[in-house]
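# Structure at a glance
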Amino acid sequence: MEFTIEKIPVWAVCYLINGTTDNLSDEDKAIIDKWWEQNNVVTVSPATDEEGSSHPYFSHFPAFGLGSDVIDCNVMMMK
């Protein structure tokens, strides 16, 4: 197993953590699924501060997709 911190787009977090596809287009879901499969992702969970909060910020280079607001997430991958 390998653990990394990835910049996950805010719009994808509910799908990656809960499997919720509300407000996702088929294209968005395909982008997420491709990233998941190519990287052998096992789990994704938000990285939190001491108070248990995550803080979104803008990134030009998220883990996938176009530049957007992201949340740092702990990602476990099979290697």
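See above for the structure.
As the structure is a prediction and not an experimental result, all values here were calculated from the model.

The tally for this structure, following the rule as stated, stands at two aromatic pairs. A ring pair is formed by Trp 11 and Phe 64, whose centres lie 5.9 Å apart and whose planes are at 85°; its orientation type is edge-to-face. One end of the pair, Trp 11, is in helix α1 (residues 10-18); the other, Phe 64, is in the loop between β3 (57-59) and β4 (68-77), and 53 residues separate them in sequence. Residue Trp 11 is classed as partly exposed on the basis of its relative accessible area, which comes to 33%.

Attention shifts here to the pattern of salt bridges. Counted according to the given criterion, the structure contains one salt bridge. Close ionic contact of Asp 33 with Lys 29 constitutes a salt bridge, the shortest N to O distance being 3.0 Å. Taken together, the positions of Asp 33 and Lys 29, both in helix α2 (residues 26-38) and four residues apart, correspond to about one turn of that helix. A residue is classified by how much of its surface remains accessible, and Lys 29, at 30% relative accessible area, is partly exposed.

Let's shift gears to the packing of α1 against α2. One way to put it is that α1 packs onto α2 with a least axis distance of 11 Å and a crossing angle of 65°. Remark: the crossing between α1 and α2 carries right-handed chirality. Every residue of α2 that contacts α1 at Trp 11, Ala 12, Tyr 15 and Leu 16 is listed here: Asp 28, Lys 29, Ile 32, Asp 33, Trp 35 and Trp 36. A breakdown of the residues in the contact of α1 with α2 according to their chemical character gives seven nonpolar, no polar and three charged.

Reading the values: rules and limits
- The numbering scheme is per chain: residues are counted from 1 as the chain's sequence reads.
- Per-residue local features of the predicted model are confined to residues with pLDDT of at least 70, and side-chain atom pairs are confined, for both listing and counting, to 80 or more; whole-chain, interface and lining totals are unaffected and use all residues.
- Calculation of side-chain values draws on the structure's entire complement of heavy atoms; hydrogens and water are dropped beforehand.
- Ring geometry is summarised as follows: Phe, Tyr and Trp rings, the Trp one being its six-membered ring, pair when their centres sit within 6.5 Å, and such pairs are stacked at plane angles under 30 degrees, edge-to-face over 60 and tilted between the two.
- Under the scheme used here, helices are H or I runs from DSSP no shorter than 4 residues and strands are E runs no shorter than 2 residues, and both carry numbers assigned from the N terminus.
- The buried label goes to any residue with under 20% of its type's maximum accessible area, the exposed label to any with over 50%, and the partly exposed label to all in between, with areas taken from a 1.4 Å probe on protein chains only.
- For this analysis, a salt bridge means a side-chain nitrogen from Lys or Arg found within 4 Å of a carboxyl oxygen belonging to Asp or Glu.
- Whenever a helix is involved, its axis is fitted only over the stretch in contact; in every case the axis is a line through C-alpha atoms, and angles between N-to-C directions fall within 0 to 180 degrees.
- The sense of a crossing depends on the near helix, which, turned anticlockwise from the far helix by less than a right angle, makes the crossing left-handed and, turned clockwise, makes it right-handed.
- By the convention used here, residues are in contact when the closest approach between their heavy atoms is within 4.5 Å.
- In this classification, Asp, Glu, Lys and Arg are treated as charged, Ala, Val, Leu, Ile, Met, Phe, Trp, Tyr, Cys and Pro as nonpolar, and every other residue, Gly included, as polar.

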